[in-house]
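Listed here are the chains, written in short residue letters.
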Amino acid sequence: MQMNIITVTDLVRRFGDLTAVDGVSFQVKEGEIFGFLGPNGAGKTTTINMLCTILRPTDGHATVGGHDVVRSPMSVRRNIGIIFQDPSLDDKLTARENLDFHARIYGVPSSERAGRIQDVLEMVELDGRMNDLVRVFSGGMKRRLEIARGLIHHPRVLFLDEPTLGLDPQTRRHIWEYLLDLRKEKGVTLFLTTHYMEEAENCDRIAIIDNGKIIAVDTPVGLKDGVGGDVITLHSENSEELAAQINSRYEVEATATNGSVSFSTEDGEEFIPRLFRDLSTEIGSVNLRRPTLEDVFVQMTGRAIREEEADNTDRMRQHARAWRSRR
Amino acid sequence: MQELKDQELNDKMMEAVIRTAVGAHTIWKRELIRFWRDRSRAIGAFVQPTLYLFVLGTGLGAFFRSGGAEGDYIQFIFAGVIAMSLLFTSIFSAVSIVWDREFGFLKEVLVAPIPRASIAIGKAFGGATVATLQGTLILIYAPFVGISLNIITVPAIILVMFIISFAITSLGVVVAARMRSLEGFQVIMNFIVMPLFFLSGALFPISNLPPWLSGLVRLDPLTYGVDALRNLTGGVSGALAPVYPIWLDVGAVTLFGAMMITSAVWLFNRQE
């Protein structure tokens, strides 16, 4: 039986009158890749910050590696590595100096420091750039260096907050190769947040989070099976009207978003000809595919993950700012 | 049973102390690496004191002599110029915390398994070391302005420079602990650094001032730092001579430093 390395029970965090995390509960097994999927401002970073002992929960409990995040934060910190959303390297130091700094403050014995620095740099293929200033590194190299740094004290859990945000697709794939290798070779548990669907597909299990609440936890396959059958997307000028028509005529649940209507059905190939025979509303184009995690999100929340992004981020920032200035 | 608990508590205390020391040492080391890497800045920071010492020192010195003052103004201002260098370097080091916050590095330190106190202590020692190095450079000018140093005064001056720098860096850390952006930097310069400098008696003797100014001068912790240095560099007498005994100077600066580092540690402990 696999042990739970993270247990979270009714965790709540409020900033003034905004409830960023609203009573979430879940468990992560040792050696698992566990993803938090949701739009920006859904409470992903706030949750990760509480698990990393950066933020104190307003209510509820959480343990990481058997240590309570409020009662023994130092024990939690020793057992985790963190890769933040924003870069946190000193770019006036070399790669080696950044790692040495980290190894020291995490209490890695001096006899092991040089060896471990070499190991982790080899893992992310930066050993040849050890003595270069971080300032000259590209975005992808900095990210790799941060992953290496997060591993140097042999953590049991590695937290990654939007690990590939702002990186190009090729670099993103590259980073994922490292992460998957890492799990295979070292058995490190990975806990990550993302709003990229492709990234979430790499996880063993995903928690879908929206407005501070977890709405589903399952494997990617399990979540997609929940959508049921094929996904049909229709583009039309009158998307609202079209959705209403479809809903009244067939036994499906169609939702209209941004000029398109999507719904799922068991036998997509046969459904489309029927649809075109029956409907009078003009349809611009039609698309049939297997369900993705995006569809899961749309079905569960009634909207797409990306469209609200800007709004939510702004709202969160404003609240955080207002809350800070009040203190 | 009670003994066992005491033992456990003792161990925990010991561990916290060790972790604080390790953390502070690591942060101190980083400050030194950065200082060494930025040697050009150290040289740049050397220009201003040089101008004050030789241009202002000589220019105003000529005027003072015509007024009939005893001793030489350039020897008087020597201690003041060292203090100026310590002041600027220390504050600059401390304010780099705001840079670290802005560029994300502070987060890496804040989530590490080291007590928060070690951040403040490491910064204070780091800034103090860097400022002392910068101040020591100025001692090279001593023979050129007629100040004679010896094997006893040089280590004493370096020690006093370290105490002054430690106190000022700690003050800087207190200010930087709550600063979220670099926009506040100019405010610090105008409201803290310049008053500290001008009221310290670095540039003029403080013995015959009107009461309002004399009171402000006595409140300025740097006054005692400058006076301590002047006690050690010597070469001046009469109206230009140091005002307080050196034990009082060093005592006042040490007390101020202790207050500041305590506040800095407290502020960092409270930070979320």
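Residues numbered from 1 in each chain as written. Chains lettered and ligands numbered in written order. Predicted model: local features only at pLDDT ≥ 70, side-chain atom pairs only at ≥ 80, totals over all residues. Heavy atoms only, no water.

On a plain count of helices and strands, chain B comes out with 10 helices and zero strands. Listing each helix as α and each strand as β along chain B from the N terminus yields α-α-α-α-α-α-α-α-α-α. Compactness check: chain B gives a C-alpha radius of gyration of 20 Å against a globular reference of 19 Å for 272 residues, within 12% of the reference. For chain B, the spread of C-alpha atoms along the principal axes amounts to about 75 × 45 × 40 Å. Burial analysis of chain B (272 residues in total) assigns 49% to the buried set. For chain B, the share of sequence-separated contacts (at least 6 apart) that also reach a separation of at least 24 residues comes to 81%. With the model as given, the accessible surface of chain B reaches about 12800 Å², and the carbon-plus-sulfur share is 70%. When the 19 positive and 17 negative side-chain charges of chain B are each reduced to one mean point, those points stand 6 Å apart. (Helix = DSSP H or I, 4+ residues; strand = E, 2+ residues; numbered from the N terminus. Rg over C-alpha atoms; globule rule 2.2 N^0.38 Å. Buried < 20%, exposed > 50% of the residue type's maximum accessible area, 1.4 Å probe, protein only. Contact = heavy atoms within 4.5 Å. Areas by Shrake-Rupley, 256 points an atom, 1.4 Å probe, with all protein chains shown as cover. Lys, Arg positive; Asp, Glu negative; His and termini not counted. Charge placed at Lys NZ, Arg CZ, Asp CG, Glu CD.)

This part takes up the overall build of chain A. Each helix and strand counted, chain A has 12 helices and 14 strands in total. Counting only C-alpha atoms and orienting by the principal axes, one finds that chain A spans roughly 75 × 45 × 45 Å. Burial status across chain A gives 54% buried among its 327 residues. Considering only residue pairs separated by 6 or more positions, chain A has 70% of its internal contacts joining residues 24 or more positions apart. Here chain A has roughly 14700 Å² of accessible surface; of this, 44% comes from carbon and sulfur atoms.

With that settled, the discussion passes to the environment of B:Thr129. Residue and element names in this part refer to chain B. Relative to the helices and strands, threonine 129 is located in helix H5 (residues 117-138). Under the relative-accessibility criterion, threonine 129 is labelled buried at 15%. Separated by 17 residues in the primary sequence, threonine 129 and glycine 146 place their C-alpha atoms 27 Å from one another. Beyond its immediate stretch of four places on either side in the chain, threonine 129 contacts Trp28, Leu32 and Phe162. Here the side chain of threonine 129 touches phenylalanine 125 through a polar contact of 2.6 Å, landing on its backbone oxygen. (Polar contact = N/O pair within 3.5 Å; in protein donor to acceptor, adjacent residues only side chain to side chain.)

Let us now look at the environment of B:Phe88. Among the secondary structure elements, B:Phe88 is positioned in helix H3 (residues 73-102). In this view, B:Phe88 contacts B:Gln48, B:Met189, B:Val193 and B:Met194; residues no more than four positions away in its chain are not counted.

This paragraph deals with the domain arrangement of chain A. Considered domain by domain, chain A is made up of domain 1 (4-223) and domain 2 (229-290). Taken over C-alpha atoms, the centre of domain 1 of chain A sits 40 Å from the centre of domain 2 of chain A. (Domains from an automatic or database assignment.)

A few words now on the interface of chain B and chain A. Tallying the contact residues gives 27 residues for chain B and 28 residues for chain A. Summing the contributions of chain B and of chain A, the shared interface buries around 2600 Å²; its carbon and sulfur component is 56%. Here B:Arg34 ties to A:Asp90 by a salt bridge, and the two come within 2.7 Å at their closest N and O atoms. Across the chain B-chain A interface, the total number found is 10 residue pairs in polar contact (both at pLDDT 80 or more). (Buried area = accessible area lost by both parts, 1.4 Å probe. Salt bridge = Lys/Arg side-chain N within 4 Å of Asp/Glu carboxyl O.)

To continue, consider the nonpolar core. Across soluble globular proteins, nonpolar side chains have a tendency to be buried as a group. Counting 111 residues, the largest nonpolar core has A:Ile6, A:Phe26, A:Phe159, A:Phe191, B:Phe78 and B:Leu229 as the members making the most contacts within it. Here this core gets 17 residues from one element, more than from any other, and that element is H3(B). Beyond its immediate sequence surroundings of up to four residues, B:Leu229 is in contact with B:Ala79, B:Ile82, B:Ala83, B:Leu86, B:Ile157, B:Val160, B:Met161 and B:Ile164. (Core = buried A, V, L, I, M, F, W, Y, C linked by side-chain atoms within 4.5 Å.)

Turning next to a nonpolar patch on the surface. All names here are of chain B. On the surface, a cluster of nonpolar side chains totalling about 260 Å² of accessible area is made up of Met14, Ile18 and Val22. Take valine 22: it is sitting in helix H1 (residues 2-37). The partly exposed category is assigned to valine 22, whose relative accessible area is 34%. (Patch = residues over 30% accessible without salt bridge, like charges linked within 9 Å, V, L, I, M, F, W, Y side chains within 5 Å.)

Once that is clear, we can look at the sheet that holds strand E5 (residues 67-68) of chain A. All names here are of chain A. Strands sit in the order E2-E1-E4-E5 across an open sheet of four strands; the sheet is antiparallel. Each edge of the open sheet carries a strand with a single partner, namely strand E2 (18-29) and E5. Its contacts with the sheet put helix H1 (residues 44-51) on strand E1 (4-15), E2 and strand E4 (59-64), and the angle it makes with E1 is roughly 120°. (Pairing = 2+ DSSP bridges. Axes fitted to C-alpha atoms, helices over the stretch in contact; angles between N-to-C directions.)

Residues and elements named next belong to chain B. The interhelical angle for the contact between helix H9 (residues 221-233) and helix H10 (residues 246-270), taken along N-to-C directions, is 140°, at an axis separation of 8 Å. By the angle between their axes, H9 is oblique relative to H10. Taken as a pair, H9 and H10 cross one another with a handedness that is left-handed. Residues Pro221, Tyr224, Gly225, Asp227, Ala228, Asn231 and Leu232 of H9 pack against Ile246, Leu248, Asp249, Val250, Ala252, Val253 and Phe256 of H10. Looking at side-chain class alone, the contact of H9 with H10 contains 10 nonpolar, two polar and two charged residues. (Parallel < 35°, antiparallel > 145°, perpendicular 65-115°, else oblique. Left-handed = near helix turned anticlockwise from the far one by under 90°. Nonpolar A, V, L, I, M, F, W, Y, C, P; charged D, E, K, R; others polar.)

Residues and elements named next belong to chain B. Axis separation between H3 and H9 bottoms out at 9 Å; the angle between their running directions is 135°. As the angle between them shows, H3 and H9 are arranged oblique. You can see that H3 and H9 cross each other, and the crossing is right-handed. Packed against H3, whose contacting residues are Phe76, Phe78, Ala79, Gly80, Ile82, Ala83, Leu86 and Leu87, the element H9 presents Leu222, Val226, Leu229, Arg230 and Thr233 at the interface.

A few words now on helix H5 (residues 139-151) of chain A. Since the α-helix advances by 3.6 residues per turn, residues separated by three or four positions end up pointing in the same direction. Taking 1.5 Å as the rise per residue, H5(A) with 13 residues should run 18 Å; its terminal C-alpha atoms sit 19 Å apart, in good agreement. Most of H5(A) is tucked away, with 11 of its 13 residues classed as buried. Restricting attention to buried positions, one finds in H5(A) the residues A:Gly140, A:Met141, A:Arg143, A:Arg144, A:Leu145, A:Glu146, A:Ile147, A:Ala148, A:Arg149, A:Gly150 and A:Leu151. Buried residues along H5(A) sit in contact with strand E6 (80-83), helix H3 (95-105), helix H4 (110-123), strand E7 (157-161) and helix H6 (169-186) of chain A together with helix H4 (105-110) of chain B. (Expected span 1.5 Å × (residues − 1).)

The next thing to look at is unusual backbone geometry. Residues and elements named next belong to chain A. Backbone geometry at threonine 53 places phi at a positive 65°, although glycine is not the residue there. With respect to the secondary-structure elements, threonine 53 resides in the loop between H1 and E4. Residue threonine 53 is classed as buried on the basis of its relative accessible area of 10%. Even without being glycine, histidine 154 reaches a positive phi, approximately 50°. With relative accessibility at 53%, the residue histidine 154 sits in the exposed group.

The next point concerns the sheet that holds E7(A). All names here are of chain A. Strands sit in the order E6-E7-E8-E3-E9-E10 across an open sheet of six strands; the sheet is mixed. Since the sheet does not close on itself, it has two edges, and those belong to E6 and strand E10 (213-218), each with one partner. If you compare each strand with its neighbour and ignore which way they point, the axes differ by 15° on average.

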